[in-house]
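Observations on the three-dimensional arrangement
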Amino acid sequence: MLPTLWSCGTLSVPEERRLGRKTERELRKEFDFIRDPIVVGYVEQIGRRVVEQTEPQPYDYRFFVVENEEINAFALPAGYVYVHTGTILKARNASELAGVIAHEIGHVALRHTAESYNRERNTGIAHQMLILLAGVFGGSYAAGAANLGGAVAGRAYLTIYTREHEEAADAFAIEILPKVGIHPEGLVTFFETLSEEGGSKAPVFLSTHPASETRRDAARKLIDGKPLPEGLRDEDGGRLEIIQRRIRLLTGDTEK
Ligand SMILES: [Zn+2]
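A few points on the structure.

Definitions and cut-offs
Residues numbered from 1 in each chain as written. Predicted model: local features only at pLDDT ≥ 70, side-chain atom pairs only at ≥ 80, totals over all residues. Heavy atoms only, no water. Helix = DSSP H or I, 4+ residues; strand = E, 2+ residues; numbered from the N terminus. Expected span 1.5 Å × (residues − 1). Buried < 20%, exposed > 50% of the residue type's maximum accessible area, 1.4 Å probe, protein only. Arc of directions from axis to C-beta. Patch = residues over 30% accessible without salt bridge, like charges linked within 9 Å, V, L, I, M, F, W, Y side chains within 5 Å. Areas by Shrake-Rupley, 256 points an atom, 1.4 Å probe, with all protein chains shown as cover. Salt bridge = Lys/Arg side-chain N within 4 Å of Asp/Glu carboxyl O. Lys, Arg positive; Asp, Glu negative; His and termini not counted. Charge placed at Lys NZ, Arg CZ, Asp CG, Glu CD. Pairing = 2+ DSSP bridges.

Some words on helix α12 (residues 212-224)
Note: α-helices contain 3.6 residues per turn, so residues at a spacing of three or four share the same orientation. With 13 residues, α12 extends 18 Å from end C-alpha to end C-alpha; this agrees with the ideal 18 Å at 1.5 Å per step. Buried residues of α12: S212, R215, A219 and I223, and no others. Projected onto a plane normal to the axis of α12, the buried residues spread over an arc of 70° and lie on a single side. Residues K221 and D224 are exposed on α12 and point more than 90 degrees away from its buried face.

A short note on a positive patch on the surface
Taken together, the side chains of R17, R18, R21, K22, R25, K29 and R62 make up a positively charged region of the molecular surface. With six residues, the single largest contributor to the positive patch is helix α2 (residues 13-30).

Considering the pairing of strand β1 (residues 62-66)
Where burial is concerned, most of β1 is hidden: four out of the five residues are buried. One ladder, built from five bridges, connects β1 with strand β3 (residues 80-84); its direction is parallel. Considered in β3, the bridge of V65 is made with V83.

The values are spatial; any link to function lies outside them.
So this is what it looks like as structure tokens:
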């Protein structure tokens, strides 16, 4: 229940809000965002449907689409959720994209960032870690790491989420998606998309530990052991494809 979660010495909700706001302001300067209301609205309506099925939370969720071809997504404390255009373009169906969004909402709803920062006992370092986390997506991990100095940078990537956090966020997505009528299988198949596309650079969504195969297998097991209602969908009547075409037009990506 929420009261137990909130009273165990992690960052307080107001602290989380401050940290999220501060980091969001900096990311605003760092990234190019897609502002097209149709594209952003599409991501937002998936996110809102997921949030509606989650226990009441003290956060105002906000959804952003980052113009970046790498496959990635991440969340800041207190409900700032970012999805890269690369993720939307590579998703093979709506279930894959919804799986990623639900996973990120899971990190917020389960207060993983708050826990991580409590371990650091220093919101200044926490803030730097978040910037670094986001920088990994933006391809500026090396630059970010250099600014931060080895000790913090090394820890940041490894401790932002634990293995348990990743598994819990996957389990959260698998639990919630059927409630909004979406088949959770997309979370599993997206791991395959990631390993096909990933190359040498592991996106933060994978968070490097445990390996994507381990997470994929764990997610598969959870889905197989779950009685799923009839009629879950993995596509959304062609809306994803329309959004993908729109992103390509907006970004001038006419090749694919
Ligand atoms: Zn994650």
